[in-house]
Each structure stands twice: as C-alpha cells, then as structure tokens.
Amino acid sequence: MIPTLASCSFDEIVDAARGAQVQWLQLYVNADRAITERIVRHAEARGCKGLFITVDAPQLGRREKDMRTGRRRHVAGAARAISSFIDPSLAWADIPWFRSITSMPIVLKGVQRVEDVVKAAECGVQGVVLSNHGGRQLDFARSAVEVLAETMPVLRSMGLEHKLEVYVDGGVRRATDILKALCLGAKGVGIGRPFLYAMSAYGFDGVDRAMQLLRDELEMGMRLIGCTSVDQLNPSLIDTRNLGSHITGVPVDSLGHKVYDALATPAWKTPKSSKL
Ligand SMILES: Cc1cc2nc3c(=O)[nH]c(=O)nc-3n(C[C@H](O)[C@H](O)[C@H](O)COP(=O)(O)O)c2cc1C
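As a starting point, this report considers the structure included with it. (Residues numbered from 1 in each chain as written. Predicted model: local features only at pLDDT ≥ 70, side-chain atom pairs only at ≥ 80, totals over all residues. Heavy atoms only, no water.)

### A few points about unusual backbone geometry
- At His133, a residue that is not glycine, the phi angle is positive and equals roughly 65°.
- Mapped onto the fold, His133 is located in the loop between strand E4 (127–130) and helix H7 (144–157).
- Since its relative accessible area comes to 12%, His133 is described here as buried.
- With a phi angle near 75°, Phe140 is a residue other than glycine that sits in the positive phi range. (Helix = DSSP H or I, 4+ residues; strand = E, 2+ residues; numbered from the N terminus. Buried < 20%, exposed > 50% of the residue type's maximum accessible area, 1.4 Å probe, protein only.)

### Structural notes on the side chain of Gln137
- By secondary structure assignment, the location of Gln137 is in the loop between E4 and H7.
- Using a relative accessible area of 15% as the deciding quantity, one classes Gln137 as buried.
- A distance of 3.0 Å separates the side chain of Gln137 from the backbone oxygen of Asp56, its partner in a polar contact.
- Only 2.8 Å separates the side chain of Gln137 from the side chain of Arg63, close enough to count as a polar contact.
- Excluding residues within four positions of it along the chain, Gln137 makes contact with Asp56, Ala57, Gln59, Leu60, Gly61, Arg63 and Asn132. (Polar contact = N/O pair within 3.5 Å; in protein donor to acceptor, adjacent residues only side chain to side chain. Contact = heavy atoms within 4.5 Å.)

### Quick look at the sheet that holds E4
- On the basis of which strands lie adjacent, the open sheet formed by six strands has the order E1-E2-E3-E4-E5-E6 and parallel pairing. Each edge of the open sheet carries a strand with a single partner, namely strand E1 (25–27) and strand E6 (188–190). Averaged over all neighbouring strand pairs, the angle between strand axes comes to 25°, with direction disregarded.
- Where strand E5 (residues 165–169) and E6 come together, three bridges link them in parallel fashion. Bridge pairing in E6 places Asp169 opposite Gly190. (Pairing = 2+ DSSP bridges. Axes fitted to C-alpha atoms, helices over the stretch in contact; angles between N-to-C directions.)

Okay, here's the thing in structure tokens:
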C-alpha cells in the first residue's frame, strides 16, 4: 500500500513495482478536494488497484514517544506540520463523490465499530480495514482483532459477509496472528512496524527475511491445524473466549529464565603480575 505521506514519491514507488505486483493507494484526504481528486485520478491512471481512504486520522494523535525522543523532536513536529492538510470534516456523505472520481474499489481504513462496518457495506464501499492505526491515534481504542471477532458474526447474520472485504491490521507479529485473523473471517492483514524494523535494521535483505519467516510460519501453522488451503480456515479452529477480557497477559518468553542454557560468563583470571 502506497502511503500519501512517504519518503519516496508516489511515482517512484509505482515505478519500483515488479511484474504483476498489485499496488494500492492509501489516501489522506486533502481539504482541498481538487488536490485529492488529482491524486486519486493519477493513482488510477498509474495502475493502482484500490483506494484505501484513511478515516481514523482527522487529527494526528499525540505521539509522546516521538515527542520525547530528543533527536526526533523536529521529525515529530514535521509530521504534525505536513499532516495539517488532512480534512477533519471527512464524512459518510463524501463517499458518492469518491465513487464519482474513480472506479477503483474503495476501502475505508481505520474502522473501529461493528455499526460502521455495516454502514460501510450499506454505503456500497468494497471493504474496510479494521484498525486502530497501530495504537497511534486514540488511547484505549480497541484492538482490531476484537472488533473483527464481533463484526463477522453480525455480517453473516445480515447476509453481508460477501458484500465487502474485511481487512485487519495492528499487532500482527507472527503468522499465527495472520492465521487467527483469517480464521475469524478477515480477507487479509496489514503489517506495518515489523517491516519498518526489518528495513531499518537489515535493509532489503531484512524485508525478504521477514517475509520468508512469515511464509514458513504460516505454512507450519496451517499444517499443524490440519488445513491444506486458506479457504478451510474458519472460526471453529480458534478459541476467542478470552479476547475481550483483557486479563490475559502476553506470554513471557522464559528461555532467558534459566530454563535452558544459562548465560555463561567467562571466569575472570587475575594476571600473576597484577597487584590487584
Ligand atoms: C511510522 C508509521 C507511519 C504510519 N503512517 C501511516 C499513514 O501515513 N497513513 C495511514 O493510514 N496509516 C499509517 N500508519 C498506520 C499503519 O498503516 C497501520 O495501521 C499500523 O502500522 C498497523 O500496526 P502495526 O505497525 O502494529 O502492524 C503508520 C504507522 C507507522 C508505525
């Protein structure tokens, strides 16, 4: 997904696509709709296959870690400044206008309530991304996977599950997270920071490696739950009873707790000549 605010230009990113690689546009809606229209039309002309309109950022959240990181202080300020164009008045009533300027499928990114997913289906958009923006916008916003678990049964009961595609993002760190989302009924997941970190630490090789790890884990996980194809994944394969309780801690990795190899520190030998 190509973001509106990226460190490379839109055209550079499109030019870098390989083969039949599918690219989507993430749109921050500019209050100047002429600019928005130009961006959307250009993306479609360049072959983008989907318009993801971010709807959870009418104003940037207060990102205190960004603010406290001394060296990044000016970066946080810049992020705020360059995002000031985002239209805070964006509303459901704008969807027909987007429909009139593009034939790309329209997906709303940042939906956080079942009611809004139903409304999106009724408005005729092709999909939603359930997301709390990676926890970067509103404190206490629910995790997307919880909203997913609530949403899909409602869509099924209303016969809307094939009317729009439901994606989910936020906190996907392992392929087991992908499996959980697919079992619950997501069409796919978005992954942000893991690739950001892979890229920052190891460059392109890191991104390839992260992708390979996810692919291997996914294949292993599918095998271990007895599924030979993604279309066999379904809600009966997972236990969601604790999902909303928020009392289950994140499992602690006890490898470092003397269960296996204790950390061996070399013995200190005082040199004979030393007066210590
Ligand atoms: C550094 C950073 C920049 C982001 N920029 C945007 C953005 O410009 N537009 C947007 O819709 N979401 C943006 N997001 C949110 C991601 O699209 C996505 O919702 C989130 O990163 C998913 O969570 P994850 O990082 O835990 O995978 C950004 C996230 C991060 C970490």
